[in-house]
Amino acid sequence: MQTGLFMLKDEVRMEGNQLKIFDGHCDVLWKMWENDDVSFSDNNHLHVTWEGLEKGNAKVQCFAIYVPEKIKGESAFQVALEMVAIFNKKILDRYSNMKLVTSKSDIDSLKENEIGAILTLEGCDAIGSDLSRLRKLYGYGVTSVGLTWNYGNAVADGILETRGAGLTEFGKSVVEENNKNSVWTDVSHLSIKGFWDVMESADYIIASHSNCHKICNNPRNLLDDQIKALIQKNAAIGVTFVPQFLTDSQKCTITDILKHVEHYCSLGGLRNIGFGSDFDGISSTVENLHSFKEYHNLVNTLLKYYSETDVKGFLFDNFYNKYPKV
């Protein structure tokens, strides 16, 4: 199959706002936790809002529970629960057309005007070394678990931890628990040693928001051998909109996103690629992609170079097809 930036199509057959989107990562819960005055309709403070999801043609949005590094010890789990409460009270309860989804059948059951919300955990710092806390988060609807943020915890080291250690014995128990419960194990932010430990032990793998090291030399980006391993494991991989993960240039454009898409394709990842925007977890944005409501600018550009089938895969089908729970 021929795809790519150097094969401009003669015409765009669909408009970007006709295609549904499954976005694998945003940090709006953290933003709303940091500032109690921010609502899910606050366009001045948020990249992802209810109105933006509607305008951007979202079908499924993943909401991360990210406990910032400044929160230490036992307080971390309490903060995670506070974010769950924000998700329930300020998003699900106030917007009747936003529905918690924890399975493919839940997604299939969404009505035309409804948007699915997946709850995820970004970093296991919140659970300390207590599996019962992880199980409690499953009970609240978490179906994707990122093992680390950038540094070390009781599960593993993150990619910026100089020690570079892999999964601990407790970390192996976390992955096993994810396997038992048909929950994604997310390798974004994970150390290289931890990544390879997960490849050996996890049944359901995602890199929710990770780009290609070959295109942009940032330690958070995936090396080619990691990408090939993810593809071999049938993992979903979310291209992220974080400018410093996209390019070394001062100016970041949608073309820089396509370079990462193309590299994943060149390694055989056509049916693995999705998008994990990291909206509300970033201070700067891609030109013409400043919030979710501008997703159509990316979609229209993709449609110039890839078939409708491929673009539908990138935007929705690839993540949906690999979502573990049926």
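Please refer to the structure placed before this passage.
The following refers to the structure shown. (Residues numbered from 1 in each chain as written. Predicted model: local features only at pLDDT ≥ 70, side-chain atom pairs only at ≥ 80, totals over all residues. Heavy atoms only, no water.)

## A few points about a nonpolar patch on the surface
Part 1 of the reasoning: A cluster of nonpolar side chains, contributed by Ile192, Trp196 and Leu223, occupies part of the molecular surface with about 230 Å² of accessible area.
Part 2 of the reasoning: Relative to the assigned elements, Ile192 resides in helix α7 (residues 192-201).
Part 3 of the reasoning: Overall, Ile192 belongs to the partly exposed group, its relative accessible area being 41%. (Patch = residues over 30% accessible without salt bridge, like charges linked within 9 Å, V, L, I, M, F, W, Y side chains within 5 Å. Areas by Shrake-Rupley, 256 points an atom, 1.4 Å probe, with all protein chains shown as cover. Salt bridge = Lys/Arg side-chain N within 4 Å of Asp/Glu carboxyl O. Helix = DSSP H or I, 4+ residues; strand = E, 2+ residues; numbered from the N terminus. Buried < 20%, exposed > 50% of the residue type's maximum accessible area, 1.4 Å probe, protein only.)

## Thoughts on unusual backbone geometry
Part 1 of the reasoning: Look at Asn57: it is not a glycine, yet its phi comes out positive at around 70 degrees.
Part 2 of the reasoning: A positive phi angle, near 65 degrees, is found at Asn288, a position not held by glycine.
Part 3 of the reasoning: Mapped onto the elements, Asn288 comes out in the loop between β9 (273-275) and α11 (295-305).
Part 4 of the reasoning: By relative accessible area, which is 43% here, Asn288 ends up partly exposed.

## Some thoughts on the packing of α11 against helix α12 (residues 308-322)
Part 1 of the reasoning: It is the contact of α11 with α12, at a shortest axis distance of 9 Å, that shows an interaxial angle of 145 degrees. In terms of crossing hand, the pair formed by α11 and α12 is right-handed. Only Glu308, Val311, Phe314 and Leu315 of α12 make contact with α11, whose side of the interface consists of Val299, Leu302 and Leu303.
Part 2 of the reasoning: Of the residues contributing to the contact of α11 with α12, the split by class is six nonpolar, no polar and one charged. (Axes fitted to C-alpha atoms, helices over the stretch in contact; angles between N-to-C directions. Left-handed = near helix turned anticlockwise from the far one by under 90°. Contact = heavy atoms within 4.5 Å. Nonpolar A, V, L, I, M, F, W, Y, C, P; charged D, E, K, R; others polar.)

## A look at the pairing of strand β2 (residues 58-65)
Part 1 of the reasoning: Counted residue by residue, β2 has eight buried out of eight residues, so it is predominantly covered.
Part 2 of the reasoning: Taken together, the three bridges between strand β1 (residues 21-23) and β2 define a ladder with parallel strand orientation. Residue Phe22 lies in a different strand from β2, and its bridge partner there is Val60.
Part 3 of the reasoning: Taken together, the six bridges between β2 and strand β4 (residues 115-122) define a ladder with parallel strand orientation. Note that in β4 the partner of Phe63 across the bridge is Leu119. (Pairing = 2+ DSSP bridges.)

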